[in-house]
Each structure stands twice: as structure tokens, then as C-alpha cells.
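Structural features, examined
Spelled out from the first residue to the last, the chains are:
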Amino acid sequence: MQITDRQMIHIIIFIILFVLELLYFRIADRLNIIDKPNERSSHTTVTLRGGGVIFYFGVLIYFIYSGFQYPWFFIGLTLMTIISFLDDIFTLSNKIRLFIHFSSVLLMAYQLDLFDMPWYYLLIGFIVVVGVINAYNFMDGINGITACYSLAVGSLLMIVNRQLNFVSQDLLIFSLLGVLVFGFFNFRKNAKCFAGDVGSVAIAYILLFALGLLILKTSNLIYILFLAVYGVDAVWTIIRRIARKENIFEAHRSHLYQYLGNEAGVNKLLISFLYGAIQFGIGYVVFLFSDQTLQIQLIFSVALISVLSVVYLILKTYIIKKYVKI
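A short tour of the structure in this document, coming up. Bear in mind the structure is a predicted one, so any value in this text is a computation, not a measurement. (Residues numbered from 1 in each chain as written. Predicted model: local features only at pLDDT ≥ 70, side-chain atom pairs only at ≥ 80, totals over all residues. Heavy atoms only, no water.)

**Focus: the layout of surface pockets**
Worth spelling out the cut-off: Using a grid of 1 Å spacing that covers the protein atoms alone, one calls a set of points a cavity when a 1.4 Å probe fits there but cannot get out, and a pocket when the set is open and has protein on both sides within 12 Å along at least five of seven lines; lining residues are those with an atom within 4 Å of a point. Grid points are joined across faces, edges and corners, and a volume is the space filled by probe spheres set on the points. Numbering of helices and strands runs from the N terminus, with a helix taken as a DSSP run of H or I at least four residues long and a strand as a DSSP run of E at least two residues long. The classification used treats Ala, Val, Leu, Ile, Met, Phe, Trp, Tyr, Cys and Pro as nonpolar, Asp, Glu, Lys and Arg as charged, and all other residues, Gly among them, as polar.
One number sums up the size of the second largest pocket: a volume of about 1300 Å³. Taken together, 47 residues make up the lining of the second largest pocket; nearest its centre are Ile124, Val128, Ile215, Leu221 and Ile224. Of all the secondary structure elements, the ones that give two or more residues to the lining of the second largest pocket are α4 (94-111), α5 (119-139), α8 (196-218), α9 (228-243) and α12 (294-323). Class assignment of the residues belonging to the lining of the second largest pocket gives a composition of 36 nonpolar, eleven polar and no charged.

**Side note on helix α1 (residues 5-30)**
Where we set the bar: What a helix should span is 1.5 Å times the count of its residues minus one. Contact definition: two residues touch when any of their heavy atoms are within 4.5 Å.
In this model, α1 (26 residues) spans 38 Å end to end at C-alpha, consistent with the 38 Å of a helix rising 1.5 Å per residue. Looking at the buried side of α1, the elements it contacts are β2 (47-48), α2 (53-65), α3 (71-89) and α7 (169-186). Where α1 terminates, the next one or two residues include Asn32, which has phi positive at roughly 60°.

**Here's the deal with the packing of α1 against α7**
Convention followed: The convention used is that axes are lines fitted to C-alpha atoms, helices contributing only their stretch in contact, and that angles between N-to-C directions extend from 0 to 180 degrees. For classification purposes, angles smaller than 35 degrees are called roughly parallel, those larger than 145 roughly antiparallel, those between 65 and 115 roughly perpendicular, and all remaining angles oblique. The crossing is said to be left-handed when, going from far helix to near helix, the turn is anticlockwise and less than a right angle, and right-handed when the turn is clockwise.
Running from N to C, α1 and α7 point in directions that differ by 45°, and their axes come no closer than 9 Å. Taken together, α1 and α7 sit at an angle that is classed as oblique. Handedness of the crossing formed by α1 with α7: right-handed. Between α1, through Arg6, Ile9, His10, Ile13, Phe14, Leu17, Phe18, Glu21, Leu22 and Phe25, and α7, the contact on the second element is made entirely by Gln169, Asp170, Ile173, Phe174, Leu177, Gly178, Leu180, Val181, Phe182, Phe184 and Phe185. Across the contact of α1 with α7, the residue classes break down as 15 nonpolar, three polar and three charged.

**Some remarks on empty space enclosed by the protein**
Summed over the entire model, instances satisfying the criterion amount to one cavity of 30 Å³ or more. Roughly 60 Å³ of internal volume is contained in the largest cavity. Contributing to the lining of the largest cavity are Phe138, Ala234, Thr237, Ile238, Arg241, Ile248, His252 and His255. Residues of the lining of the largest cavity, tallied by class, amount to four nonpolar, three polar and one charged.

**Quick notes on the side chain of Asn143**
For clarity, the threshold we go by: Definition of a polar contact: a pair of N or O atoms within 3.5 Å, with one able to donate and the other able to accept a hydrogen when the atoms are protein atoms, and with sequence-neighbouring residues admitted only if both atoms are side-chain atoms.
The residue Asn143 is located in the loop between α5 and α6 (145-164) in this model. In this structure the side chain of Asn143 is engaged in a polar contact, spanning 3.1 Å, whose partner is the backbone oxygen of Lys189. What Asn143 contacts, discounting residues up to four positions off in sequence, is Asn186, Arg188, Lys189, Asn190, Ala191, Phe194, Lys268, Leu269 and Ser272.

**Overview of helix α10 (residues 256-263)**
Selection rule: To sort residues, take the accessible area from a 1.4 Å probe on protein chains only and compare it with the maximum for the residue type: under 20% means buried, over 50% means exposed, and anything in between is partly exposed.
Counting buried positions along α10 yields six of eight residues, so the element is predominantly enclosed. Of all the residues in α10, the buried ones are Leu256, Tyr257, Gln258, Tyr259, Leu260 and Gly261. Buried positions along α10 lie against α5, α6, α9, α11 (268-289) and α12. Looking at the residues trailing α10, positive phi occurs at Gly265, about 75°.

**Points about the pattern of salt bridges**
The test is simple: Whenever Lys or Arg places a side-chain nitrogen within 4 Å of a carboxyl oxygen from Asp or Glu, that contact is recorded as a salt bridge.
Counting across every chain of the model gives five salt bridges. The shortest N-O distance in the salt bridge between Asp170 and Arg6 comes to 3.2 Å. Note that Asp170 is positioned in helix α7 and Arg6 in helix α1, a separation of 164 residues in sequence. Classification of Asp170 as buried rests on a relative accessible area of 10%. For Arg6, a relative accessible area of 41% translates into the label partly exposed. Notably, a salt bridge pairs Arg241 with Glu246, separated by 2.8 Å at the nearest N-O pair. Since its relative accessible area comes to 5%, Arg241 is described here as buried.

Take it as geometry only, folks, not as evidence of what the structure does.
This is how it looks when you write it as C-alpha cells:
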């Protein structure tokens, strides 16, 4: 089979990103940018942190290659990446971190033209973006889960984009090439690196931008279900922690995937794969329902979230009762 010029470009980009990741490993090793295990960690060995910075480099290459498309989005991503990377190395002030995050979300909103819409569009968009970015960060707790889930969501966006053309396909491709490179080093029993805050925050920001463009172009909120699996796990975990009067901002190991891997002893790579596979399957069904009437979409969405929640709560309750000492 003959390789097209476009495919050759993607292969070259993949090689460049692979080399950049290896160069980062040398820098991280020299600067001692590592993740030491503690009582709340799901790993047991010292591992390089911040390998997810490669997601940013994928977008950086796209930004240059495209002639500087989506400039406000890129500036926001750059700010978010820098502050998250510094936070991986040092412990930054919450005020500084929140200010940069707030600025980055506003830059994304400006790129999405939300300032030209009714004020509540900006408010809703801000709440959703901040919530999802934080959920994405909290969910990055075992090998491969960020890579698998991001590949699932990114692939769904690419499938829809072929029909609706709401975003540059190369932005998605270049980003996912970065995810593949990271996955090569992270999706293994003994990971070479972790994504770090810089990785989970960056890929969440990228995917949310594309998802925002899709929702705004179609005026269809059903596509938010492309994040349903993470959403159900994150929301129910927060509810349980609030009910137990725990500080929801402190590190913990109480997500379902953590109980499955740490307490129940399920293979962690299998868990990561299933999170991505289930989300992809759900997302594809969502795509099939996207052209139905609003009433049908509402019924489908409520039924989907209800079933996911019931299955989630039954499984989590069973694991906690059987394996967790409370």
C-alpha cells in the first residue's frame, strides 16, 4: 500500500514527538523531576513525572504547521502547560495557579467566540471546562488511563469531524500522536513516565476545545457524553467524599478504578483499557443518537447516565464491602 504525503507527514511528526519525549526523559532525570510513591499512590517505584508535556509539543508543531491557527487557544494552552509543569516541579501558590487557569479558560472562551453570546454561555462554559480539567487531573491515577481515555475521546471527535468539519483534523491527529508516544512509555506494568499535572491538564484543555467547537457548531449538548465515564466516576466519588466529610481537594485513592486496581487486584492496564473502550462505545452510540429529536436525546441521555451510575455504584459498593477496611 502506497503511503500518501499526508500520511508521511504524520509519520514524521510521530518520530519527532518520540525523539522529543526521549529528550525530555534525559532532562527530567537530570533535574530529578520524579514521582515518589506514598501511601496514596497506586505505584510502588520512583518514576519520571511530566511525560505528558509531549501533548503540548504535538499542538505546538500543529500550530506552526498550520500557519498559527487558533492563536488564543494556543496561548491559553501554553499558559496552562507552563504553570502545570512548574507545579509538577515545585509547589506553587494556589492563587497563582488559579489565576493562570482562569486566564487560560477565558482565552479558550475568546477563541470559541463565547463573548459574543449571551452571558450564561460563558458562565456554563467556564464551569464545564474547569470541572472537566480538574476531573481529568484527578482521574490520572494508574498506568495508561489518561492515554486510553484520551485516545477514545479524541478518536470520537475525529469520527464526528469527518462529517461535520468543526475543527482542523490535524489538530486532533497531532495531539493524538503525542498521546500514542506517551502511551508507549506509560501503558506498561512498570511505566517509564507519568503524565503529571502538565499532561492531564494539557490533554483535557485540548479535547475540551475541540468538544466546545463541536457543541457550538451543532448546538447539541449530547456530545458532552463523550466524557460520560470520567464524569460518572468523578461526580460520584466527590459525592461520597463529601458525605464522609473528607476534603475533596486532598489526594486520595477512592475512585472506582483505584479500588479495582489497588484493593480488588484487577490488572491496572486492563482497567485503563476498559475505561477507554467503554467510553468509545458509549460515545459512538451518542453519535448515532445525535441526529434524533431533542426528546429522544433527553430520554437517551438520562437513561445512559442512570444505567452507568447504577452499575458504578453497585460495583463500587461491592468492592468496598469486600476489600476495603473502613
